[in-house]
Amino acid sequence: SESSKFKMNTYIYAPKDDPYHKDQWRELYPDDKAEELRQLAEEGKKDNMSFCWSVHPGYGFNYNTDDDYNALIRKFEQLYDLGVRQFGISYDDLSGSYSGQDHADLINRVNREFVQKKGDVKPLITVPTEYDSNAMGSGDRLSQYTKDFSETIDDSIIVLWTGSAVVTEGISVDNAQTVKEIYGDNV
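Residues numbered from 1 in each chain as written. Predicted model: local features only at pLDDT ≥ 70, side-chain atom pairs only at ≥ 80, totals over all residues. Heavy atoms only, no water.

Participant: In this structure, what is going on with helix H4 (residues 100-118)? I would like to understand it.
Facilitator: Structural remark: α-helix, 3.6 residues per turn; residues separated by three or four positions point the same way. With 19 residues, H4 extends 26 Å between its outermost C-alpha atoms, agreeing within 8% with the 27 Å of an ideal straight helix rising 1.5 Å per residue. Of all the bends found along H4, the most pronounced is centred on Asn111 and spans about 40 degrees. Those residues of H4 that fall on the buried side of the exposure criterion are Gly100, His103, Ala104, Leu106, Ile107, Asn108, Val110, Asn111, Phe114 and Val115. On the buried face of H4, the contacting elements are helix H3 (67-81), strand E3 (86-90), strand E4 (125-127) and helix H6 (144-152). Where H4 starts, the residue carrying a side-chain oxygen 3.3 Å from the main-chain nitrogen of Gln101 turns out to be Ser99. Within two residues after H4, Gly119 carries a phi angle of roughly 85 degrees, on the positive side. (Helix = DSSP H or I, 4+ residues; strand = E, 2+ residues; numbered from the N terminus. Expected span 1.5 Å × (residues − 1). Bend = angle between axes of the 7 residues up to and from the residue. Buried < 20%, exposed > 50% of the residue type's maximum accessible area, 1.4 Å probe, protein only. Contact = heavy atoms within 4.5 Å. Polar contact = N/O pair within 3.5 Å; in protein donor to acceptor, adjacent residues only side chain to side chain.)

Rendered as structure tokens:
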């Protein structure tokens with residue numbers, strides 16, 4: 001298969017045009033859409049490909065009550081029941097000012113209370129709001145978001161990063177070393 005040919009082992013499902021991924025993330029998938037995701041997860045298993053379902057709860061998440069957290073866990077439970085064994089939480093492409101600590105605290109809680117308790121779920125994947133080196137700060141000075149996010153996020157979380165820019169021709173050793181110093185081995 002193509003994924004084996006290119007040694008790919010993870011497919012991250014995070015289409016911005018899927019309303020249940022982003023705008024209506026609190027809502028469970030209707031039966032027909034749920035069946036499509038079950039089939040995708042099943043196909044991935046046949047090819048030793050991890051199908052990672054990702055949610056984008058960035059706009060309007062209420063960190064002051066458990067209502068949105070519980071909605072997120074209900075959604076993850078639905079996908080788990082459909083055969084998904086890897087999950088992601090994305091905060092990319094948010095406009096405005098956000099708390100890296102709030103984002104990382106939520107991800108850590110999901111990791112502790114859902115991922116690790118299941119026992120058969122692969123490491124949680126995340127895309128922080130600042131996911132390229134230019135957005136993360138300049139020189140030795142990190143942005144407040146990246147500083148708070150990187151100091152809070154659990155070591156077992158996989159943090160995705162695109163290099164020096166959103167679209168990068170290549171990644172320099174210096175750039176990679178800088179990000180490794182920020183996030184450690186989980187980048």
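Once you've had a look at it, read on.
Participant: Honestly, the environment of Ala41 in this entry has me stumped. Any pointers?
Facilitator: As for its position among the elements, Ala41 is in helix H2 (residues 31-46). For Ala41 and Arg85, which are 44 residues apart along the polypeptide, the C-alpha to C-alpha distance reads 8.3 Å. With sequence-adjacent residues up to four places away left out, Ala41 is seen in contact with Phe51, Leu82, Gly83 and Val84.

Participant: Just checking my understanding: could you explain the pattern of salt bridges for this structure?
Facilitator: Side-chain pairs of opposite charge can arise where the charged atoms are in close proximity. Counting across every chain of the model gives nine salt bridges. Here Arg38 and Glu35 are joined by a salt bridge, their closest N and O atoms 2.6 Å apart. Note that Arg38 and Glu35 are positioned in helix H2 at a spacing of three residues, about one turn of the helix. Residue Glu35 is classed as partly exposed on the basis of its relative accessible area of 32%. (Salt bridge = Lys/Arg side-chain N within 4 Å of Asp/Glu carboxyl O.)

Participant: Help me understand the packing of H4 against H6 in this model?
Facilitator: Packed helices, taken two at a time, are described by the angle their axes make and the gap between the axes. Between H4 and H6, whose axes approach to 7 Å, the crossing angle comes to 25 degrees. With respect to their mutual orientation, H4 and H6 come out roughly parallel. The crossing of H4 and H6 is right-handed. Between H4, through Gly100, Gln101, His103, Ala104, Asp105, Ile107 and Asn108, and H6, the contact on the second element is made entirely by Tyr145, Asp148, Phe149 and Thr152. Per-class residue counts for the contact of H4 with H6 are four nonpolar, five polar and two charged. (Axes fitted to C-alpha atoms, helices over the stretch in contact; angles between N-to-C directions. Parallel < 35°, antiparallel > 145°, perpendicular 65-115°, else oblique. Left-handed = near helix turned anticlockwise from the far one by under 90°. Nonpolar A, V, L, I, M, F, W, Y, C, P; charged D, E, K, R; others polar.)

Participant: Is there a simple way to explain the packing of aromatic side chains in this structure?
Facilitator: Given two aromatic rings, one states the distance between the centres and the angle between the planes to describe the pair. Throughout the structure, instances matching the rule amount to 13 aromatic pairs. Considering the side-chain rings of Tyr59 and Tyr98, the 6.4 Å spacing of their centres and the 75 degrees angle between planes classify their relative orientation as edge-to-face. Of the two residues, Tyr59 is situated in the loop between strand E2 (50-55) and H3 and Tyr98 in the loop between E3 and H4; the sequence distance between them amounts to 39 residues. Given a relative accessible area of 37%, Tyr59 falls into the partly exposed group. Measuring from ring centre to ring centre gives 5.8 Å for Tyr145 and Phe149, while their planes differ by 15 degrees; the resulting arrangement is stacked. (Phe/Tyr/Trp six-rings, centres within 6.5 Å; stacked < 30°, edge-to-face > 60°.)

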